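An overview of the molecular structure
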4 protein chains.
Amino acid sequence: MADTEGEQAGGERSAQVGRPRRSRQALLDAAAAVFVTSGVDAPVREIAAKAGVGVGTIYRHFPTRSELVVAVYRHQVEACAEAGPRLLAESATPEAALRAWVALFVEFLVTKHGLAGALQGDSAGSDALHAYFVDRLVPVCGDLLAAALEFVGTASSVDAYNVLKGIGNLCIGAASDARYRADALVQLLISGVLSGGDR
Amino acid sequence: MADTEGEQAGGERSAQVGRPRRSRQALLDAAAAVFVTSGVDAPVREIAAKAGVGVGTIYRHFPTRSELVVAVYRHQVEACAEAGPRLLAESATPEAALRAWVALFVEFLVTKHGLAGALQGDSAGSDALHAYFVDRLVPVCGDLLAAALEFVGTASSVDAYNVLKGIGNLCIGAASDARYRADALVQLLISGVLSGGDR
Amino acid sequence: MADTEGEQAGGERSAQVGRPRRSRQALLDAAAAVFVTSGVDAPVREIAAKAGVGVGTIYRHFPTRSELVVAVYRHQVEACAEAGPRLLAESATPEAALRAWVALFVEFLVTKHGLAGALQGDSAGSDALHAYFVDRLVPVCGDLLAAALEFVGTASSVDAYNVLKGIGNLCIGAASDARYRADALVQLLISGVLSGGDR
Amino acid sequence: MADTEGEQAGGERSAQVGRPRRSRQALLDAAAAVFVTSGVDAPVREIAAKAGVGVGTIYRHFPTRSELVVAVYRHQVEACAEAGPRLLAESATPEAALRAWVALFVEFLVTKHGLAGALQGDSAGSDALHAYFVDRLVPVCGDLLAAALEFVGTASSVDAYNVLKGIGNLCIGAASDARYRADALVQLLISGVLSGGDR
DNA sequence: AATGAATGAGCCTTCATTCAT
DNA sequence: TATGAATGAAGGCTCATTCAT
């Protein structure tokens, strides 16, 4: 997964859209930096300051915090989504593909301070974010899960939504607790899911 | 596990302590109610209002929010802790004991709005709460886990702290998302732990 | 000047008054200790705690903070007042007597954290204190001043009230600023007063 | 010394900065008024109300109370500082210059309710204010003092810092006690200082 | 008479959000 | 469009003071 933003590739095709786009980009870069530092709930002002713009500009581009977060992480979420089919094709087994994808997702969540919490639906003002995550990744996760389950000959007792949200939850607070090993727990959860719940 | 507070059984033995004790109890009841409604981070003022007391009264009894939360849930945590050895003795297998205990714990966490988040160490001002949970329940969970692991002939790849915190995390947001089945995920996590991580 | 309280001399004559008196004494001792530590504006609760009594008891004995402070320092103020005539009689010159007395007073004010501020009349709720200080010490200071002025053959441009309050003010904050030499300034002020203001 | 703010002389050169500058000015004016009424420790809310703005606006402009107070009185402090050399040049004698300057300073302190207290270093949250006063005025006072001392052929027993702080202290409470004549006492203190302490 | 629990006013401070320029 | 000043709700916390027991 590439780093935060890759959109600027290709440079600015037209001067007219260059300005707005540059503004938007500065915002996203700044937000990404602040999110890592202070978490996804960082004060709007802090982001604006980092971007060197007024808060109004942030609100203009991203009326809700969720939309900003979505925009900031869209590329990585996209990369995550795209990695699903690819891993399925490239991996030795569907289970390996699922585990690899999950590891990817965990790394993403854990790296970004406080992002995991966004998988919860009720987090203040993260509606759009939650929806985006679910809409984009549940299907991907679902495919990998179905393949892996078929491979191991088990029926799952929980759906992809639950698995995804479970993973998200397991990653909460991972960055600030050295003793807590979210990655290991997530793989164990996957083990449990693939075992069908019989121990 | 019974509902929030059962201590008042037996009535007030002495008039002298009746007042203070009743006050404290009113606080705990009100706090319990508010916690369910608005979560563990509800404004102090809201709790005070619900209890029909001034904020000062809350601060007098519970200088920090953590202490209040601990007090509110102490009985249930205690019940949870005591259930560990009992279940181990009564259950058909150590695995069954572990699963039963975990179910108990999950029910507790899910029932109380926002309580699960307290298992995280960084939640603003919840140090005492976090410490209490960890100190009291990690050993209990550890015993159950060890017994179950020995029973199934597996070595665990994560310690009791991680299991407990993992369970806590899985329960976050469960109350407000009907589609999310924390209990099932937790049992699957246990399955994974007992499988040693081989699927 | 003796230390804070000397009243208990003579023991308890009667059991009936012994109790109340002991209460009162405990209060005064505790208050004296707290005043040194945290200043004259220390929270009532802190004093009550130190005395091992309830706050209500303090309010019963001393309805206003001023009354408490007056009571605490009454002996020393008294000693100060009594030192005036004595110094006048014993000193080589009236000026020496004045200077010695002033030094005594300064030591008293500086030693007791925050007490100097009480010479101001508007300090929240220190009316009684202010009145007591003024009533008791202005005449004493006045006599010394008059004698000294006569001795040096000058007419004063300010009255004893002003001199007393000026001294009090000069002592404000002396305890917490090592660089500030209240005692020296006070003696210089006396020099000025005795010079009649011609340099 | 002119009244609180004289900076706006010349009107607003550019429309763009008119708004912010007027806001700041309104704040300063309001604060100045409130300071006179309720002292320098007046609640932030009171100042905000007087200015007809929200408290946030105050915090935006002046994160700490000290900064606000400094801003409010900067011009006058500056005027005071600048008056030093001028008086030295214009006055008949260095002593006259010192006395004139001191009178100026006293008038400033006495006029502004509670400002004198700021010369104390421990006043809650007035660090910046104290530092500003000391940094700006001690040198000025020092020069005048040195010149006057040389003029009268005396060595001082206290430094300019002590003199300045002594003056500040003498002015405490002057505004609310008609009987108290801070100005006279200050001149007497100066007399004492110039006399070297020998009466 | 003593107690100390209860009260609640009041202060500070932080931000999300709006809106005139 | 961009700006960022202004707003004010919200929440935390501390005590002085009262009053039932």
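In this text, all values refer to a predicted model and were calculated from it rather than measured experimentally.

**So, the overall build of chain A**
- Summing up its helical and strand segments, chain A has eight helices and zero strands in all.
- The secondary structure elements of chain A, listed N-terminal to C-terminal, are α-α-α-α-α-α-α-α.
- Counting the 199 residues in chain A, one finds 49% classified as buried.
- Taking contacts inside chain A between residues at least 6 apart in sequence as the whole, the part at least 24 apart equals 66%.
- Total accessible area on chain A stands at roughly 8,700 Å², and carbon and sulfur atoms take up 52% of it.

**Some points on the relation of the copies chain A and chain B**
- Between chain A and chain B, which share one sequence, the superposing operator has a rotation angle of 178° and an axial displacement of 0.0 Å; the RMSD is 0.4 Å. The transformation relating the two chain copies, once decomposed into turn and shift, fits a two-fold axis.
- A shared interface surface links the copies, since 94% of the contact residues of chain A are contact residues in chain B too.

**Details of the interface of chain A and chain B**
- Across the boundary between the two partners, chain A contributes 35 residues, which contact 33 residues of chain B.
- One can count two salt bridges joining chain A with chain B.
- One salt bridge in this structure joins Asp177 of chain B and Lys165 of chain A, with 2.6 Å as the shortest N-O distance.
- Seen at the junction of chain A and chain B, the total is 18 residue pairs in polar contact (both at pLDDT 80 or more).
- Mapped onto the side of chain A that touches chain B, the elements with two or more residues apiece are α5 (94-111), α7 (160-170) and α8 (182-194) of chain A.
- At eight residues, α8 of chain A tops the list of elements feeding residues into the side of chain A that touches chain B.
- Looking at side-chain class alone, the side of chain A that touches chain B contains 13 nonpolar, twelve polar and ten charged residues.

**Some details on the protein's contact with DNA strand E**
- The full set close to DNA strand E counts 32 residues, and Ser23, Arg60 and His61 of chain B, Thr57 of chain C together with Arg65 of chain D are the nearest of them.
- The share of sugar and phosphate among atoms of DNA strand E within 4 Å of the protein is 57%.
- Take Arg65 of chain A: an N or O atom from its side chain is 3.2 Å from a phosphate oxygen of DNA strand E.
- Where the surface near DNA strand E is concerned, the elements lending two or more residues are α2 (44-51) and α3 (55-61) of chain A, α1 (15-38) and α3 (55-61) of chain B, α3 (55-61) of chain C together with α2 (44-51) and α3 (55-61) of chain D.
- Along the lines of polarity and charge, the residues of the surface near DNA strand E split into twelve nonpolar, eleven polar and nine charged.

**Thoughts on the protein's contact with DNA strand F**
- Surrounding DNA strand F, one finds 31 residues, the nearest of these being Thr57 of chain A, Arg65 of chain B together with Ser23, Arg60 and His61 of chain D.
- Protein-proximal atoms of DNA strand F, defined as those within 4 Å of the protein, fall in sugar or phosphate at a share of 56%.
- Arg65 of chain C places a side-chain nitrogen or oxygen 3.4 Å from a phosphate oxygen of DNA strand F.
- In this structure, Gly52 of chain D approaches DNA strand F through a main-chain N or O atom, which is 3.3 Å from a phosphate oxygen.
- For the surface near DNA strand F, the secondary structure elements donating two or more residues are α3 of chain A, α2 (44-51) and α3 of chain B, α2 (44-51) and α3 of chain C together with α3 of chain D.
- Classifying every residue of the surface near DNA strand F by side-chain character gives twelve nonpolar, twelve polar and seven charged.

**Quick look at the packing of helix α7 (residues 160-171) of chain B against helix α8 (residues 182-194) of chain B**
Residue and element names in this part refer to chain B.
- The N-to-C vectors of α7 and α8 enclose an angle of 155°; their axes lie 9 Å apart at closest approach. In this view, α7 runs roughly antiparallel relative to α8, as classed from their interaxial angle. For the crossing formed where α7 meets α8, the hand is right-handed. On α8, the residues touching Val163, Gly166, Ile167, Leu170 and Cys171 of α7 are Ala182, Leu185, Val186, Leu189, Ile190 and Val193.

**Here we look at the packing of aromatic side chains**
- Inspection of every chain in the model, using the stated rule, returns 19 aromatic pairs over all chains.
- When the centroid spacing of 5.7 Å and the interplanar angle of 75° are considered together, the rings of Tyr73 of chain B and Phe108 of chain B count as edge-to-face. A residue pair is termed long-range when its members are at least 10 positions apart, and Tyr73 of chain B in helix α4 (residues 65-90) and Phe108 of chain B in helix α5 (residues 94-111) qualify at 35 residues. You'll find Tyr73 of chain B and Phe108 of chain B in the same group, each marked buried.
- When the ring of Tyr132 of chain C is compared with that of Phe133 of chain C, the centres are 6.5 Å apart and the planes differ by 70°; the resulting orientation is edge-to-face.
- Lying across the ring of Tyr132 of chain B, Arg74 of chain B places its NZ or CZ 5.1 Å from the centre.

**Quick look at the confidence of the model for chain A**
Residue and element names in this part refer to chain A.
- The predicted model of chain A has a mean per-residue pLDDT of 87, with 86% of residues at 70 or higher.
- Within chain A, no element has a lower average pLDDT than helix α1 (residues 15-38), which sits at 77, and none a higher one than α8, at 98.
- In this model residues 5-18 is a low-confidence stretch, pLDDT under 50, and it forms twelve contacts with partners more than four residues away in sequence or in other chains.

**Considering helix α6 (residues 127-152) of chain C**
Residues and elements named next belong to chain C.
- Look at α6: 35 Å from first C-alpha to last across 26 residues, which is about the 38 Å you get at 1.5 Å a residue.
- Taken as a whole, α6 carries its principal kink of about 35° at Leu137; the proline Pro139 stands between one and four residues after it.
- Within two residues after α6, Gly153 carries a phi angle of roughly 70°, on the positive side.

**What about the UniProt feature "DNA-binding region" (unreviewed entry) in chain A?**
- Annotation from UniProt places "DNA-binding region" (unreviewed entry) at residues 43-62 of chain A.
- Helix makes up 75% of residues 43-62 of chain A and strand makes up 0%, while its end C-alpha atoms are separated by 14 Å.

**Side note on the environment of Leu170 of chain B**
- Tracing the sequence through the fold places Leu170 of chain B in helix α7.
- On a C-alpha basis, the gap between Leu170 of chain B and Arg181 of chain B in space is 9.1 Å, while along the polypeptide they are eleven residues apart.
- Once residues within four sequence positions are removed from consideration, Leu170 of chain B is found in contact with Gly166, Asn169 and Leu170 of chain A together with Tyr180, Ala182, Leu185, Val186 and Leu189 of chain B.

**What to know about helix α8 (residues 182-195) of chain C**
- Compared with an ideal rise of 1.5 Å per residue, which puts 14 residues at 20 Å, α8 of chain C spans 20 Å between its outermost C-alpha atoms and is within 8% of the ideal.
- For α8 of chain C, a buried count of twelve out of 14 residues is recorded, marking the element as mostly surrounded by other parts of the structure.
- Three or more residues of α8 of chain C are buried, namely Ala182, Ala184, Leu185, Val186, Leu188, Leu189, Ile190, Ser191, Gly192, Val193, Leu194 and Ser195 of chain C.
- Among the structural elements, α5 (94-111), α6 and α7 (160-170) of chain C together with α7 (160-171) and α8 (182-195) of chain D are those in contact with the buried residues of α8 of chain C.
- Taken from the residues just after α8 of chain C, Gly196 of chain C is the one with a positive phi, measuring 75°.

**Considerations on the state of the cysteines**
All names here are of chain C.
- In total, this model carries zero disulfides over all chains according to the counting rule given.
- Cys141 provides the cysteine sulfur closest to Cys80, a residue in no disulfide bond, and the two sulfurs are 9.8 Å apart.
- By relative accessible area, Cys80 is classed as buried at 0%.

**Thoughts on the environment of Leu68 of chain C**
Residue and element names in this part refer to chain C.
- Structurally, the position occupied by Leu68 is in helix α4 (residues 65-90).
- Classification of Leu68 as buried rests on a relative accessible area of 4%.
- Between the alpha carbons of Leu68 and Ala128 there is a distance of 9.4 Å; along the sequence they are 60 residues apart.

**Quick look at the environment of Val77 of chain C**
Residue and element names in this part refer to chain C.
- Along the chain, Val77 turns up in helix α4.
- With a relative accessible area of 0%, Val77 lands in the buried category.
- Setting aside chain neighbours within four positions, we find Val77 in contact with Phe108, Tyr132, Phe133, Arg136 and Leu137.

Criteria and thresholds
Each chain carries its own residue numbering, running from 1 in the written order of its sequence. For this description, chains carry letters from A and ligands carry numbers from 1, given in the order in which they are written. At least 70 in pLDDT is required for a residue's local features to be given in this predicted model, at least 80 for side-chain atom pairs to be given and counted, and no such filter applies to totals for whole chains, interfaces and linings, which use all residues. Hydrogen atoms and water are omitted, and side-chain values are computed over all heavy atoms in the structure. Think of it this way: any DSSP run of H or I at least four residues long counts as a helix, any run of E at least two long counts as a strand, and we number them from the N terminus. The buried label applies to any residue whose accessible area, calculated with a 1.4 Å probe on protein chains only, is under 20% of its type's maximum; exposed applies above 50%, and partly exposed to all values in between. Between two residues, a contact is recorded if the distance between any of their heavy atoms is within 4.5 Å. Areas reported as accessible are Shrake-Rupley estimates using a 1.4 Å probe. Residue values count occlusion only from the protein chains shown. C-alpha atoms of residues with pLDDT of at least 70 in both copies form the basis for the least-squares superposition of the copies. Any carboxyl oxygen of Asp or Glu within 4 Å of a side-chain nitrogen of Lys or Arg constitutes a salt bridge here. We call two N or O atoms a polar contact when they sit within 3.5 Å, provided that within protein one can donate a hydrogen and the other can accept it, with sequence-adjacent residues counted only if both atoms are side-chain atoms. Ten residue types, Ala, Val, Leu, Ile, Met, Phe, Trp, Tyr, Cys and Pro, are classed as nonpolar, four, Asp, Glu, Lys and Arg, as charged, and the remainder, Gly among them, as polar. The criterion for a residue being near a molecule or strand is simple. One of its heavy atoms has to lie within 4 Å of it. Note on method: axes are straight lines fitted to C-alpha atoms, helices fitted across the in-contact stretch only, with angles between N-to-C directions ranging 0 to 180 degrees. Oblique is the label for any angle not under 35 degrees, not over 145, and not in the 65 to 115 range, which are roughly parallel, roughly antiparallel and roughly perpendicular in turn. When the near helix sits turned anticlockwise from the far one by under a right angle, the crossing is termed left-handed; a clockwise turn instead gives a right-handed crossing. Any two rings among Phe, Tyr and Trp, with Trp reduced to its six-membered ring, count as a pair given centres within 6.5 Å; such a pair is stacked if its planes are under 30 degrees apart, edge-to-face if over 60, and tilted if neither. Two limits define a charge over a ring: the Lys NZ or Arg CZ must be within 6 Å of the ring centre, and within 35 degrees of the ring normal. A residue's pLDDT is simply how confident the predictor is in it, with values from 0 to 100. The span you would expect from a helix comes to 1.5 Å times its residue count less one. Values of bend correspond, residue by residue, to the angle between axes fitted over the seven residues ending at that residue and the seven starting there. UniProt positions are given in the numbering used here, feature names are shortened, and annotations may be inferred rather than shown by experiment. Two cysteine sulfurs form a disulfide in these notes if their separation is within 2.5 Å.

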